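Residues per chain are reported as follows:
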Amino acid sequence: MIENFNQNIQDVQSIKILPTILDVILQSTGLGFAVVARVTSDKWITCATRDNLQFGLVPGDELDIKTTFCRDVRSTKTLVVIDYVDQDDKFCNNPIPIQYGFQSYISVPITLQDGTFFGTLCALDPAPNKLNNAKVIGMFTSYAELISFHLDAIEKMRLKDLEIKKKNFQLESFDFVSSHDLQEPLRKIQMFSSVILEKNNQNLTNEVIKYLDGIKNESQRMRNILNDLLVFSEYKKSSQEFVATDLNSIVENIRKRLSKEFSECNGKIVVEKLPSVPIMPDQIEQLFYNLIINAITFRSNHCDLEISISSKIEKGIDLSYEKLDANTTYCTLTFTDNGTGFDPRYNEKIFGMFNRLDKEKHCNSTGIGLTIARRITENHNGFIIANGNLNKGASFTVYLPVKQ
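Some words on the pattern of salt bridges
And then number 1: This structure, assessed with the given rule, holds 10 salt bridges.
And then number 2: The residue E306 makes a salt bridge to K268 at a minimum N-O spacing of 3.6 Å. Here E306 is found in strand β10 (residues 306-315), whereas its partner K268 is found in strand β8 (residues 268-271), with 38 residues between them in sequence.
And then number 3: In this structure K268 comes out as partly exposed when scored by relative accessible area, which is 46%.
And then number 4: Put simply, K312 and E314 hold a salt bridge, and the shortest N to O gap is 3.3 Å.
And then number 5: Owing to a relative accessible area of 43%, K312 belongs among the partly exposed residues under this scheme.

What follows is the structure, given as structure tokens:
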């Protein structure tokens, strides 16, 4: 492994589940300090911590490798675990616990898939603790393996990106997702499932029919995901010219495209007079479509769907969103619905790829539409934010510069 410590720290920090892992370690053991460290033959670097002891280490901090047990963990590839330093024949006179003031300690190796030693998952406390048992050791070992899995995945993704760039495969466009190689097998799975159902329906049990229907539905869902990935890739860059466009015409196009869906749910769009702004028309139509179809998908069962679209023109300094440029004039578009809404805690999360807050209830959603919406606003040098209100609807605000 190339010793790029800043990259190592970033990789560890990017593991979303890691803060939870460290919290669980402290809560379940009663220890006060937990850390993931990058350990080499001569370096011990802090990558992530949970510190209830004011121990003082933050990511990037370095300890003298000679003053840590992690050097032994690295050389032996085995853990070090101490319940009570003062009563431990092996460690009672060791200077390391004295230097750092701990009585209980555990350090397990984090080893990557190729056998490379990355570092350690450690925890300690100034009080004695019962750590040297199968339950605690199993927990630490499992978490170390989970961290290793994520680091391997990050490294593989990085290597894959480098390989793609090196060979100039133009895979950024995701043309492959709509190609025969991926779409055709899914089409055949659907076709074969249909043939079996049609020709053998009377001979099949209800359970088999249920499974075959499930195969058909999941195959179609995969095709929808592939198509959405293709759309996402098409909007990776600003590929069109900016054209002054009446946004009201965009809304009318969406009304026509979704007339069937609105009829089925007895929904409607209420639109204020919208301005003309310089946009890439195809992209903004896709943006409007994704926001409106999202409202249709997450509509309430207790009332008819109503989507309102309003706008205003203001300078960034007069708007409440901190990322806006103070001297830039923006067209602010607000899409509000009376659907199921969502917890405001997820205002940012919902823009992530494949993030669906209620996967079972809304299994037809691919989890990509709002990611596409964000990419399109970024292509327009703009921003999009969400504001959920659980069981009371949601609103999405789009900020587009009026000059490009």
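Remarks on the packing of aromatic side chains
Pairs of aromatic rings are described using the distance from one ring centre to the other and the angle between the two planes.
And then number 1: This model, assessed by the stated rule, comprises 11 aromatic pairs.
And then number 2: Taking the centre distance of 6.2 Å and the plane angle of 45° together, the rings of F55 and Y100 count as tilted. Taken together, the residues span a long stretch of sequence, with F55 in the loop between β2 (44-51) and β3 (62-63) and Y100 in helix α4 (residues 95-100) at a distance of 45 residues.
And then number 3: Through a chain of ring-to-ring contacts, the aromatic side chains of F69, F91, F102 and Y105 assemble into a single cluster.
And then number 4: Above the face of the F118 ring, R38 is positioned so that its terminal group lies 5.2 Å from the ring centre.
And then number 5: For the cation-ring pair, R257 lies above Y289, with the distance from its terminal atom to the ring centre recorded as 4.1 Å.

Observations concerning the environment of N248
And then number 1: Assignment of secondary structure puts N248 in helix α8 (residues 247-257).
And then number 2: Residues N248 and E272 lie 24 residues apart in sequence; the distance between their C-alpha atoms is 8.8 Å.
And then number 3: The contacts of N248, once residues within four sequence positions are left out, are V271, E272, K273 and L274.
And then number 4: A distance of 2.7 Å separates a polar side-chain atom of N248 from the backbone oxygen of L274.

So, how was this worked out
Residues numbered from 1 in each chain as written. Predicted model: local features only at pLDDT ≥ 70, side-chain atom pairs only at ≥ 80, totals over all residues. Heavy atoms only, no water. Salt bridge = Lys/Arg side-chain N within 4 Å of Asp/Glu carboxyl O. Helix = DSSP H or I, 4+ residues; strand = E, 2+ residues; numbered from the N terminus. Buried < 20%, exposed > 50% of the residue type's maximum accessible area, 1.4 Å probe, protein only. Phe/Tyr/Trp six-rings, centres within 6.5 Å; stacked < 30°, edge-to-face > 60°. Lys NZ or Arg CZ within 6 Å of the ring centre and 35° of its normal. Contact = heavy atoms within 4.5 Å. Polar contact = N/O pair within 3.5 Å; in protein donor to acceptor, adjacent residues only side chain to side chain.

The values reported here are purely geometric and, on their own, carry no functional implication.
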